[in-house]
Amino acid sequence: MRTQNRASDMFPYLRSPGQRFNLQLLQEAAYRELVQHLDRIEGSTIIVLDEAMIGPFELVTKPKFFADRGIRLVALKPDLVFPKDIKNIVYVLRPRVSLMDQLVGHVKAYGQVGGRQFHILFAPRRSCLCVNQLQNKGVIGSFGRIDELSWSFLPLDADVVTMELPNAYRDVSIDGDTSSLYQVAIGLVQLQRLYGRIPKIYGKGVQAQRVWDQAKHLGMEEKSLYNGDKGAIDQLILLDRGIDLLSPLATQLTYEGLIDEFYGIRQNKLNLPADLFSSDKTAEGRRPEEHLLETSEKKTILMHSGEQLYAELRNKNFNEVTKLLARKAREIHTQMHATSQDKTVQEIKSFVENVLPQLMAQKKSTSEHTTIAGLIHEQVNNTTFSDDLAAEQEFMVCADIDKPSAYIEDKIASKADLRNVMRLICLQCAAASGLKDKLLNHYKREVAQVYGLEVLLTFSNLEMAGLLHPQTDSRAYAVLRKTLHLTVEDNVEVDPKDISYVHSFYAPLTARLVELSLKPLGWQTLKSQINNLHGPTFEDFQAQLIGIGGRNAGSTVSEGSLLHVPRVVLVCFVGGCTFAEIAALRFLADQEDNNVEFLIATTKIINKNTFLDSLMST
């Protein structure tokens, strides 16, 4: 119990008051598994982290855990030097054969120390290919334990879980590696182990269907899932990223989305140069206790629901954020400078001891976010940003999408950033439901002429990924734009009434599907409307097995007397989702009429830059 209590204290923000599901349970399960593995290893230990595992570790545990155990953490690199007094070297890795050569080098260089052993924890699964590689190189005898950390979904916030697999969409669509789909399926089974059986399942898309087929098969082997009452989650909506490739390419206009696109949010942390925050001392600004590994001289700002001001700002359209910050600053000023003439000495003492520290913390947070908002303001007022935004919004309303875009041609001619050029071409393709061969070849010629022939490999990748493809007769986007109201001309950004505020104009298709599914007979009505989207539309039902608890155990309570209790919907994005899509779902959850709580699961939170970077690399 002591381990469990200590684990839950690490991330108090993972439990939101009144929420029907508690993601601290997920963090505690991952933490316990790590502790169990480390407890089996005796003697002084150093943990070597693959770069891809640093993020997941930061979501499960804190640096203090390792400091208390006398364990050092270092990042994996070829030229690592290990102290002679270290008995155990534990590698925590993604199962990638390309990493094995580094391990072989370390064993040959440092394996001669008497009594020293090497160990591997593969996450999320042990790899036979990797073990065979070590065997072929003749070093397998130096390894003691070769185990796996079966981490799938890890909690990012009180309502978001992530697998931290940035290349999941690329792996499946370009490289033909479907292991991430299998891992999502395992993750869904693990969630049901913790939170109970999910009775209703809806989904759209080829990869979503594959995930559910595997999850159902894996779940069948765990009879306990079907023997108990219905769990905390009422339904699952599985969405394949491939059904909506316009949303991840669009510019996000929420505060959190813009921060991520300009500066990158990594595991709830934003790192910015400390000198931008002149009022802080560098040591205070860095919050070193938040980092597993040493970082450069940067200020770390925490970005999660435990930070009160950020929780208030994160999902707002940026045009509302500056107004909120100005109001917050005025409120703090008023409270701090309230007259003390009419107060007793006891009241003043109480103010100084209890209220003032809170006000100082609020003032610091407001100052930090005012600085961040100022940086974003400079970026969004840049002419290039506004011109790009205007161009993408033209595509979204299907204006002149069947001919070469003069704006894109100008960008190519001026040799603008290649990623942004490709993004705009892909946006045009998504809005037009494909490009005519003549138009696609025209863009290929123009881009190759300016950026070099190797760019044709990038085109090839984007075609395999489905971001560029020949035009179809269905014109799916043009039809859905009207039937599902994906673009809203008179959208309100401050105190909005519709999810389209997250892009100031455009409602993410995925979020709109979820919104419409909440209505009575929602999914049944939707099925006929989204048939022109690529991939199957499916639904399933996981009934309780007759036996333990009986045929109807638990059903009458949930369906009858608890109708006022919000239903919990797990929305799972296979291939990544954006902060704008998350903001749209949170907006829907905030509407009382919907009476819903969302748990959002994703392979990784992506943005237009990270998504394209993963696909364009050859």
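Before reading further, recall that the structure is shown in the block above.
First, a word on scope: everything that follows refers to the structure included in this document. Everything numeric here is computed off the predicted structure, so don't read it as measured data.

1. With respect to the overall build of the protein chain
Then, in step 1: Scanning the protein chain from N- to C-terminus turns up 26 helices and 14 strands.
Then, in step 2: The buried share of the protein chain, taken over its 618 residues, is 53%.
Then, in step 3: The long-range fraction of contacts in the protein chain, counting pairs at least 24 apart against all pairs at least 6 apart in sequence, stands at 79%.
Then, in step 4: If you sum the accessible surface of the protein chain, you get close to 27300 Å²; carbon and sulfur atoms cover 51% of it.

2. Some words on the side chain of N22
Then, in step 1: Among the secondary structure elements, N22 is positioned in the loop between α1 (2-10) and α2 (24-39).
Then, in step 2: A residue is classified by how much of its surface remains accessible, and N22, at 10% relative accessible area, is buried.
Then, in step 3: Within the local environment of N22, its side chain forms a polar contact with the backbone nitrogen of Q24, the two atoms lying 2.9 Å apart.
Then, in step 4: Setting aside residues up to four positions removed in sequence, N22 forms contacts with L14, R15 and Y195.

3. Describing the sheet that holds strand β12 (residues 537-541)
Then, in step 1: A sheet is described by the order of its strands in space; here 7 strands give the open sequence β6-β7-β14-β13-β9-β8-β12, paired in mixed fashion. Looking at which strands have only one partner, the edges of the open sheet turn out to be β6 (154-157) and β12. Here the average twist between neighbouring strands, direction ignored, is 20 degrees.
Then, in step 2: For strand β8 (residues 200-204) and strand β9 (residues 235-240), the ladder comprises 5 bridges, and the chain directions are parallel. Opposite K204, over in β9, you have L239 as the bridge partner.
Then, in step 3: This element, helix α3 (residues 51-60), spans β6 and β7 (160-162) of the sheet and lies at about 75 degrees to β6.

4. Notes on the environment of K299
Then, in step 1: By the element assignment, K299 lies in strand β11 (residues 298-302).
Then, in step 2: Each C-alpha atom, one on K299 and one on P273, is 6.0 Å from the other, the two residues being 26 residues apart in sequence.

5. What to know about the packing of aromatic side chains
Then, in step 1: Tallied over the full model, the rule gives 15 aromatic pairs.
Then, in step 2: A centroid spacing of 4.9 Å and a plane angle of 75 degrees characterise the contact between F65 and F66, whose relative ring orientation is edge-to-face. Accessibility classification places F65 together with F66 in one group, the buried group.
Then, in step 3: Site record: aromatic cluster; members linked through ring pairs are Y31, F57, F65, F66 and W151.
Then, in step 4: The cationic tip of K299 hangs over the ring face of F277; the distance from NZ or CZ to the ring centre is 5.3 Å.

6. Focus: the pattern of salt bridges
Then, in step 1: Inspection of every chain in the model, using the stated rule, returns 31 salt bridges.
Then, in step 2: With its nearest N and O atoms 3.6 Å apart, the salt bridge here joins E261 to K608. In this pair, E261 sits in helix α11 (residues 255-262) while K608 sits in helix α26 (residues 608-616), placing the two residues 347 residues apart along the sequence.
Then, in step 3: Overall, the relative accessible area of 8% leaves E261 in the buried class.

7. Brief notes about the sheet that holds strand β1 (residues 45-49)
Then, in step 1: Spatially, 5 strands are ordered β2-β1-β3-β4-β5 in an open sheet, and the strand pairing comes out parallel. On the outer flanks of this sheet lie β2 (72-75) and β5 (143-148), each paired with one strand and no other. In this sheet, adjacent strand axes meet at a mean angle of 20 degrees when their direction is disregarded.
Then, in step 2: Inspection of the sheet shows strand β3 (residues 88-93) paired to strand β4 (residues 117-122) by 6 bridges, in the parallel sense. Paired with L93 across the bridge in β4 is F122.

8. Thoughts on empty space enclosed by the protein
Then, in step 1: Under the definition given, this model contains 2 cavities of 30 Å³ or more.
Then, in step 2: Roughly 40 Å³ of internal volume is contained in the largest cavity.
Then, in step 3: Lining the largest cavity are L165, P166, A168, Y169, R170, G575, T603, K604, I606, F611 and S614.
Then, in step 4: Those elements giving two or more residues to the lining of the largest cavity turn out to be α7 (168-173) and α26.
Then, in step 5: For the lining of the largest cavity, the element with the highest residue contribution is α7, accounting for 3 residues.

9. Notes on the pairing of β6
Then, in step 1: Bridge analysis of β6 against β7 gives 3 bridges, and the strand direction is antiparallel. The partner of L154 across the bridge, within β7, is T162.
Then, in step 2: Taken together, β6 and the strand that follows it, β7, pair antiparallel across an intervening segment of 2 residues.

10. Remarks on helix α6 (residues 128-136)
Then, in step 1: When we look at burial in α6, the residues that qualify are C130, V131, Q133 and L134. Axial view of α6: buried residues confined to an arc of 155 degrees, hence all on one face. Exposed residues pointing more than 90 degrees away from the buried face of α6 are listed as C128, L129 and N136.
Then, in step 2: In this structure, the buried residues of α6 make contact with α5 (100-110), β4 and β5.
Then, in step 3: Immediately beyond the C-terminal end of α6, within one or two residues, lies G138, with a positive phi of roughly 75 degrees.

11. Description of unusual backbone geometry
Then, in step 1: For the bond running from A123 to P124, omega is 10 degrees, close enough to zero to count as cis.
Then, in step 2: Note that P124 resides in the loop between β4 and α6.
Then, in step 3: The backbone of S433 shows a phi angle near 55 degrees, a positive value even though the residue is not glycine.
Then, in step 4: Its location among the elements puts S433 in the loop between α18 (418-431) and α19 (437-451).
Then, in step 5: Classification of S433 by relative accessible area gives buried; the value is 8%.
Then, in step 6: One non-glycine residue, D495, lies in positive phi territory at about 55 degrees.
Then, in step 7: Relative to the elements of secondary structure, D495 occurs in the loop between α21 (476-483) and α22 (509-517).
Then, in step 8: Overall, the relative accessible area of 52% leaves D495 in the exposed class.

12. Thoughts on the packing of helix α16 (residues 383-396) against α18
Then, in step 1: Between α16 and α18, the shortest axis-to-axis distance is 9 Å and the interhelical angle comes to 20 degrees. With respect to each other, α16 and α18 are oriented roughly parallel. In the crossing of α16 with α18, the sense of the turn from one axis to the other is right-handed. Where α16 approaches α18, its residues D388, E392 and F395 are matched on the opposing element by N420, R423, L424, L427, Q428 and A431.
Then, in step 2: Broken down by class, the residue content of the contact of α16 with α18 amounts to 4 nonpolar, 2 polar and 3 charged.

Quick notes on the rules
- Residues numbered from 1 in each chain as written.
- Predicted model: local features only at pLDDT ≥ 70, side-chain atom pairs only at ≥ 80, totals over all residues.
- Heavy atoms only, no water.
- Helix = DSSP H or I, 4+ residues; strand = E, 2+ residues; numbered from the N terminus.
- Buried < 20%, exposed > 50% of the residue type's maximum accessible area, 1.4 Å probe, protein only.
- Contact = heavy atoms within 4.5 Å.
- Areas by Shrake-Rupley, 256 points an atom, 1.4 Å probe, with all protein chains shown as cover.
- Polar contact = N/O pair within 3.5 Å; in protein donor to acceptor, adjacent residues only side chain to side chain.
- Pairing = 2+ DSSP bridges.
- Axes fitted to C-alpha atoms, helices over the stretch in contact; angles between N-to-C directions.
- Phe/Tyr/Trp six-rings, centres within 6.5 Å; stacked < 30°, edge-to-face > 60°.
- Lys NZ or Arg CZ within 6 Å of the ring centre and 35° of its normal.
- Salt bridge = Lys/Arg side-chain N within 4 Å of Asp/Glu carboxyl O.
- 1 Å grid on protein atoms, 1.4 Å probe; cavity = no way out; pocket = protein on both sides within 12 Å on 5 of 7 lines; lining within 4 Å.
- Points joined across faces, edges and corners; volume = space filled by probe spheres on them.
- Arc of directions from axis to C-beta.
- Parallel < 35°, antiparallel > 145°, perpendicular 65-115°, else oblique.
- Left-handed = near helix turned anticlockwise from the far one by under 90°.
- Nonpolar A, V, L, I, M, F, W, Y, C, P; charged D, E, K, R; others polar.

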